[in-house]
Structure formats: structure tokens, C-alpha cells
2 protein chains.
Amino acid sequence: VSDPTRPSVQVACLQLSPKIAELADNCAMSTAAISAATADGAGLIVVPELVTSGYMLESPAEARSVAITPDHQVFADWAAAAGEAVVVGGFCELGDDGLVYNSAAVVDTDGVLAVYRKVHLWDGEKRVFTAGSVAPPVLATRVGSLGVLICYDLEFPEMTRGLALAGAEIIAVPTNWPLLNRPDGERPPELVIARAAARVNRVFIACCDRAGVERGQDWTKGTAIVDAGGWVIAETKKNDAGIPVASATIDPTQAWDKAISPVNDLFLDRRISVYAQFEGLMDAEGPA
Amino acid sequence: VSDPTRPSVQVACLQLSPKIAELADNCAMSTAAISAATADGAGLIVVPELVTSGYMLESPAEARSVAITPDHQVFADWAAAAGEAVVVGGFCELGDDGLVYNSAAVVDTDGVLAVYRKVHLWDGEKRVFTAGSVAPPVLATRVGSLGVLICYDLEFPEMTRGLALAGAEIIAVPTNWPLLNRPDGERPPELVIARAAARVNRVFIACCDRAGVERGQDWTKGTAIVDAGGWVIAETKKNDAGIPVASATIDPTQAWDKAISPVNDLFLDRRISVYAQFEGLMDAEGPA
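As the structure is a computational prediction, the values presented were derived from the model and not from experiment.

Caption draft 1: Structural context of the pairing of strand β8 (residues 170-174) of chain B. Residues and elements named next belong to chain B. Where burial is concerned, most of β8 is hidden: five out of the five residues are buried. Along β8, one buried face is formed by Ile170, Ala172 and Pro174 and the opposite face, lined by Ile171 and Val173, is buried too. Two strands pair when backbone bridges link them, and strand β7 (residues 144-148) and β8 are joined in this way by three bridges, in the parallel orientation. Paired with Gly147 across the two strands is Ile171, which belongs to β8.

Caption draft 2: How the structure looks around the relation of the copies chain A and chain B. Each copy of the sequence occupies a distinct position, and chain A is placed on chain B by a rotation of 180 degrees and an axial shift of 0.0 Å, giving an RMSD of 0.0 Å. Such a combination of rotation and displacement between the chain copies is what one expects of a two-fold axis. Counting the interface residues of chain A, we find that 100% of their copies in chain B are interface residues as well, pointing to one common contact surface.

Caption draft 3: Structural context of the side chain of B:His120. Turning to its location among the elements, B:His120 is positioned in the loop between β5 (111-117) and α4 (125-128). Within the local environment of B:His120, its side chain forms a polar contact with the side chain of A:Tyr275, the two groups lying 2.6 Å apart. One polar contact links B:His120 to B:Asp153, side chain to side chain, over a distance of 2.8 Å. Residues within four places of B:His120 in sequence aside, it is in contact with A:Asp269, A:Arg271, A:Tyr275, B:Tyr152, B:Asp153, B:Phe156 and B:Met159.

Caption draft 4: Highlighting the sheet that holds strand β12 (residues 237-238) of chain B. All names here are of chain B. Across the sheet, seven strands lie side by side as β5-β4-β3-β2-β1-β13-β12; this open sheet has mixed pairing. The outermost strands of the open sheet, each flanked by one partner alone, are β5 and β12. As paired elements, β12 and strand β13 (residues 244-250) share two bridges and run antiparallel to each other. What sits directly across from Lys237, in β13, is Val245.

Caption draft 5: Up close: helix α5 (residues 157-165) of chain B. Residue and element names in this part refer to chain B. Counting buried residues in α5 gives nine out of nine residues, a clear majority hidden from the surface. Turning to α5, its buried residues are Pro157, Glu158, Met159, Thr160, Arg161, Gly162, Leu163, Ala164 and Leu165. Downstream of α5 by a residue or two, Gly167 has a phi angle that is positive, lying close to 105 degrees.

Caption draft 6: Just the sheet that holds strand β1 (residues 9-14) of chain A, in detail. All names here are of chain A. Strand order across the open sheet formed by seven strands is β5-β4-β3-β2-β1-β13-β12, with mixed pairing between neighbours. The open sheet has two edge strands, β5 (111-117) and β12 (237-238), and neither has a second partner. As paired strands, β1 and strand β2 (residues 44-46) are joined by three bridges and run parallel to one another. Paired with Cys13 across the strands is Val46, a residue of β2.

Caption draft 7: Structural context of the packing of aromatic side chains. Residue and element names in this part refer to chain A. Per the counting criterion, the structure on display carries 10 aromatic pairs over all chains. For the pair Phe75 and Trp78, a centre-to-centre distance of 5.4 Å together with 85 degrees between the ring planes defines the contact as edge-to-face. Of this pair, Phe75 and Trp78 both sit in helix α3 (residues 73-82), separated by three residues, roughly a single helical turn. These aromatic residues form a ring-pair network of at least three members: Phe75, Trp78 and Phe91. One cation-aromatic arrangement involves Arg117 over Tyr101; the distance from NZ or CZ to the ring centre is 4.0 Å.

Caption draft 8: Seen up close, the interface of chain A and chain B. With 62 residues of chain A at the contact, the number on the chain B side is 62 residues. For the pair chain A and chain B, the two sides together bury roughly 5,700 Å², of which 63% comes from carbon and sulfur. Our enumeration of links across chain A and chain B arrives at 10 salt bridges. One salt bridge connects B:Arg270 with A:Glu158, and the closest N-O pair in it is separated by 2.8 Å. Taken together, the links from chain A to chain B amount to 28 residue pairs in polar contact (both at pLDDT 80 or more). Sorting the residues of the side of chain A that touches chain B by element identifies α5 (157-165), α6 (189-201), β14 (259-261), β15 (264-265), α7 (272-275) and α8 (279-282) of chain A as the ones contributing at least two each. For the side of chain A that touches chain B, a count of residues per class yields 37 nonpolar, nine polar and 16 charged.

Caption draft 9: The packing of helix α1 (residues 23-39) of chain A against α3(A), seen in detail. Residues and elements named next belong to chain A. Where α1 contacts α3, the two axes come as close as 8 Å, and the packing angle between them is 15 degrees. Taken as axis vectors, α1 and α3 run roughly parallel relative to one another. Like other packed secondary-structure pairs, α1 and α3 cross with a definite hand, here right-handed. The segment α1 lies against α3, with Cys27, Ser30, Thr31, Ile34, Ser35 and Thr38 engaging Val74, Asp77, Trp78, Ala81 and Ala82.

Rules behind the numbers
- Residues numbered from 1 in each chain as written.
- Chains lettered and ligands numbered in written order.
- Predicted model: local features only at pLDDT ≥ 70, side-chain atom pairs only at ≥ 80, totals over all residues.
- Heavy atoms only, no water.
- Buried < 20%, exposed > 50% of the residue type's maximum accessible area, 1.4 Å probe, protein only.
- Helix = DSSP H or I, 4+ residues; strand = E, 2+ residues; numbered from the N terminus.
- Pairing = 2+ DSSP bridges.
- Least-squares fit on C-alpha atoms with pLDDT ≥ 70 in both.
- Contact = heavy atoms within 4.5 Å.
- Polar contact = N/O pair within 3.5 Å; in protein donor to acceptor, adjacent residues only side chain to side chain.
- Phe/Tyr/Trp six-rings, centres within 6.5 Å; stacked < 30°, edge-to-face > 60°.
- Lys NZ or Arg CZ within 6 Å of the ring centre and 35° of its normal.
- Buried area = accessible area lost by both parts, 1.4 Å probe.
- Salt bridge = Lys/Arg side-chain N within 4 Å of Asp/Glu carboxyl O.
- Nonpolar A, V, L, I, M, F, W, Y, C, P; charged D, E, K, R; others polar.
- Axes fitted to C-alpha atoms, helices over the stretch in contact; angles between N-to-C directions.
- Parallel < 35°, antiparallel > 145°, perpendicular 65-115°, else oblique.
- Left-handed = near helix turned anticlockwise from the far one by under 90°.

Given below as C-alpha cells:
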């Protein structure tokens with residue numbers, strides 16, 4: 001099934017290179033890139049995790065020095081640059097509770113639609129950020145039903161399953177994937193996880209990684225758009241401004257159809273009563 | 001972590017070609033192949049789904065005509081052929097309740113250690129088999145802590161997560177993957193799912209597909225062994241008898257270590273209280 005009354009969506013993931021702790025520069029750079037993507041026809045624009053702050057923050061104090069609230073000017077700038085498009089991007093958030101989070105904002109011309117705080121913190125982030133404790137929302141946006149995860153969140157199948165069951169057509173994933181060794185010829189392992197999550201849930205997943213070596217850390221630069229069958233339909237090509245962009249036009253309503261044979265449906269085939277038999281082991285936070 | 005007192009295990013997945021509804025031939029063929037694998041040093045031997053019966057059974061009556069119980073001679077033959085090895089293999093089971101199941105047996109020299117009945121039935125199987133309603137066990141075997149899934153079961157991340165949380169080091173997956181179209185240069189999509197499941201749970205997964213066109217159905221022939229990092233460490237090569245075998249030596253105790261950074265652990269990092277927020281949507285069998 002698909003809905004001919006719903007237009008297709010051009011998704012663009014902008015593999016930007018923020019500079020560590022250079023808030024003003026990063027805000028201007030990301031806004032300019034969003035503006036260019038809008039001009040190129042994008043309807044959904046994803047930028048990296050922590051694009052306003054950079055990633056390799058050395059201390060809670062440094063993170064706090066570049067932490068912003070959702071009423072910061074950059075989000076109004078993103079909204080203005082985006083025109084009719086929807087933007088998902090990562091930022092270092094100063095919460096109304098005074099704590100600092102690794103967050104993502106969903107922005108359109110109406111402003112900030114939602115802020116999601118990363119639930120699963122990776123490595124040094126645990127020293128710098130407070131983990132979110134609220135599941136990501138599924139938002140009805142002008143480009144479709146949109147879920148958000150940040151980087152390591154993607155590696156927990158509970159999260160992608162939860163968003164898909166909640167109706168997400170597209171999951172946008174601002175990310176900073178530290179470069180790992182991998183066998184020659186293999187795609188990044190994070191992308192294997194994204195592809196499986198897309199396929200077993202029949203959702204689109206748009207992963208926006210970053211570039212630019214930062215305090216000695218290199219990145220996978222694995223930005224990719226994955227379709228609802230789990231196939232990679234776009235990797236990066238440099239645009240006119242020299243930014244690596246992954247771009248693909250998708251029909252998000254394909255995610256409505258969970259049928260994969262005349263009598264199989266990925267959701268209707270779930271056997272909750274069987275999974276519950278694992279529950280004694282899964283109730284605790286941590287291993288059995 | 002790994003345990004130097006536990007020996008490594010040679011895993012062999014035998015991509016056999018059973019003949020439809022030829023029970024006696026299939027029993028003899030699978031037993032001979034197990035015997036050869038044992039001679040080649042295998043400690044864990046996996047053979048395909050429904051290896052005793054073939055897959056393309058046309059009717060419940062045809063399935064019943066080749067259905068066997070766990071006290072059938074073939075399992076004693078497998079045990080004798082296996083010597084010190086453990087065998088996991090699929091068969092068409094006549095249950096003590098009179099129903100017919102798509103099952104897998106775990107066999108060693110002590111006999112049949114467990115029978116698992118496929119929970120998620122694929123396509124035409126729904127006309128022929130009754131779905132199992134019991135979660136797969138995790139068995140303490142002489143080669144390690146072993147979980148079992150059958151084919152389409154693997155595509156439900158709840159199943160792999162559940163087995164890993166229950167302590168499985170290795171998940172053996174007898175399968176019959178019908179050949180699907182895929183982009184040039186891509187591995188089978190089922191293997192992408194297996195790799196992600198292995199990586200996010202840090203377990204070994206041994207998938208044993210079948211060969212041999214049967215009633216017009218061709219197979220993916222995607223047999224592979226995946227390590228706890230999600231990397232494919234073995235695909236098939238023909239053995240002296242011309243059987244495609246995937247073989248790798250593994251240290252199952254690597255699956256004990258869920259740590260993937262100095263402060264990250266794939267199980268301890270799980271946020272059950274967040275996943276529970278999806279629960280209203282996940283309680284029902286079927287979509288929200």
C-alpha cells in the first residue's frame with residue numbers, strides 16, 4: 001500500500017564538520033547547510049548529533065559552556081532556512097532542570113516541534129551528559145510520521161521496535177560514529193544494525209554521521225539512508241558547497257505495509273505471549 | 001573475558017539438500033553428513049530446517065505422512081554419528097498432542113536434549129503446521145550455552161534478545177531461506193538481520209540454510225557463521241563429499257563479555273524503564 005495523495009519526500013542527511021565548542025560558528029555553518037539543502041529540494045533534513053557544540057567535549061564545564069535551550073536563536077534560524085522542510089539535528093542542551101543533555105530537536109516553520117534527550121549514552125558522554133529518561137516521540141510532521149534516535153540508541157532493538165510500533169514511518173538518527181576497525185569491504189557495523197532494524201520493522205532510517213577530525217577523533221562518515229526493506233538507497237556525495245550529503249526520495253507510506261508475504265505481517269506475526277516467557281530475565285536492568 | 005579452561009568449538013553448518021517427503025533417504029543422508037562432519041572435527045553441527053522431510057510440503061496430510069516423534073530412530077542415528085559433538089537439526093514433528101510442528105532437535109550422545117517448535121511460521125507453513133507457543137530454551141551443552149531458532153524466528157529481535165539475556169552464547173538457526181531478489185553485491189537480507197542480532201547481543205549465530213531446488217523453489221544458500229561482533233566468519237565451501245559446509249572455530253565464552261567500551265555494556269546499558277513507555281503499544285499482538 002501507499003497513498004497517492006501523500007507526496008514523496010526528498011530526504012537529505014548533511015554530513016557536517018562542526019568545530020569543538022565553537023557554538024556561533026557551528027550555528028552559522030549548520031544554518032547555511034540547511035539553507036542549501038532546502039534550495040536543493042529537501043523536505044526532510046537531518047544534521048549530525050551535537051552539531052552545535054561538537055562532540056569531544058572534555059568536561060561537564062565545557063559542555064555547559066556551549067549548552068543551549070530550545071529557545072536559542074539557532075532553532076529559529078534553522079526553521080527560517082528550512083522553509084517548508086523539517087529539520088532534525090543534534091545539540092548540547094541545557095535543560096530546564098539545569099542539567100546538560102545530548103539532545104535532538106525537530107524543527108519546522110512552526111518552531112521546535114519536539115526535543116528528544118539521548119537515552120543511551122556512549123563512553124565519555126557518561127561523564128559529560130545526563131541520560132534522558134523519556135522515550136522518543138513519534139511526531140506527525142508535514143513529511144510524515146517521524147521518530148528520532150541519537151547514535152548509540154540505534155543499537156538497542158527495543159528502541160527501533162518501539163518507534164515502529166508507535167507508527168513511525170521514518171526514523172531520523174543524528175549520529176557521531178567514532179571510526180572503528182572493520183574488515184575490508186564491509187560497511188560500518190552501525191549501518192548493519194540500521195539496515196536490520198529497518199527491515200524487521202519496515203521503516204525508513206536516515207542516519208546522519210559527521211566528518212572532520214576533532215581532538216584526534218576520526219569518524220566513520222557512514223551517513224546513509226536505508227529504505228523499508230533494509231537496503232541502503234543513498235550514501236554521501238559532495239554537494240556544490242563541498243558538503244557530503246546523502247539524498248534520496250522516498251514514499252514514507254510504504255512503511256504502513258508490514259506485510260511481507262500473502263499471509264505474513266511483521267507486526268501481526270509477533271508472538272507477545274512467547275516473548276513474555278523471556279520476561280523474568282528481561283525485567284531487570286542488566287543481565288540475568 | 002574468555003575462559004582458557006573451556007576449549008574452542010569448531011562449528012559446522014551443513015547446507016544439505018533434502019528431498020521432499022523422502023523421509024528414509026533424508027534421514028540416511030543427514031546422518032552420513034553428520035558423521036563426516038564429526039570426522040572433520042566439528043563440535044557443533046547444524047543442519048537445515050525440516051531436513052528430514054523437505055520443505056515444500058503441499059498439504060497437512062503430506063506433512064503428517066513424514067512427521068516423526070523425538071523417539072524416531074534418526075535422532076539416535078544422529079547421536080551415534082555425532083560422537084562427542086552436539087547436533088541441531090530441523091524436522092517435521094508429530095507432537096504428543098497429535099498436531100504437526102516445524103521443529104528442531106538438539107541431540108548429543110545422551111539423546112535428544114530438547115525439541116523447539118517454530119513460533120513464527122512463514123507463508124505456506126501456516127497451512128501445514130501448528131505454531132509453537134513455547135519460547136526456545138537455552139541449553140547447557142558440552143559446547144556451551146546454546147539457543148535455537150528456526151528461520152523466520154530470527155527476524156523478530158525479541159527472540160534473539162530473549163535468548164541472549166537468557167545466557168545463550170551461540171544461537172543455532174536451522175533455516176530454509178527461499179531465494180529473494182537482492183541488489184547486486186549484497187549479502188542475503190536474512191544475514192544482515194543475523195549480523196545485527198549477533199552484534200547488539202554479542203552472541204554467535206550459526207545459520208544453516210539448505211540447497212537443492214524443490215518443487216520449483218530455489219534457496220538463498222546463505223549458510224554462514226557470524227561472530228559476536230556481527231562479522232561473517234564463515235561461508236560455505238564444498239567438503240570432500242561435495243556438501244557446502246560453513247566451518248569456523250569459535251571461543252563461545254567471548255559472548256560473556258557484553259562490554260563494548262570501558263563504560264558501556266550492551267546489557268547493563270539497557271533502559272527498561274524507557275522501553276516500558278512504548279508498552280501500551282507493544283502489549284497487543286499486532287500493530288497499534
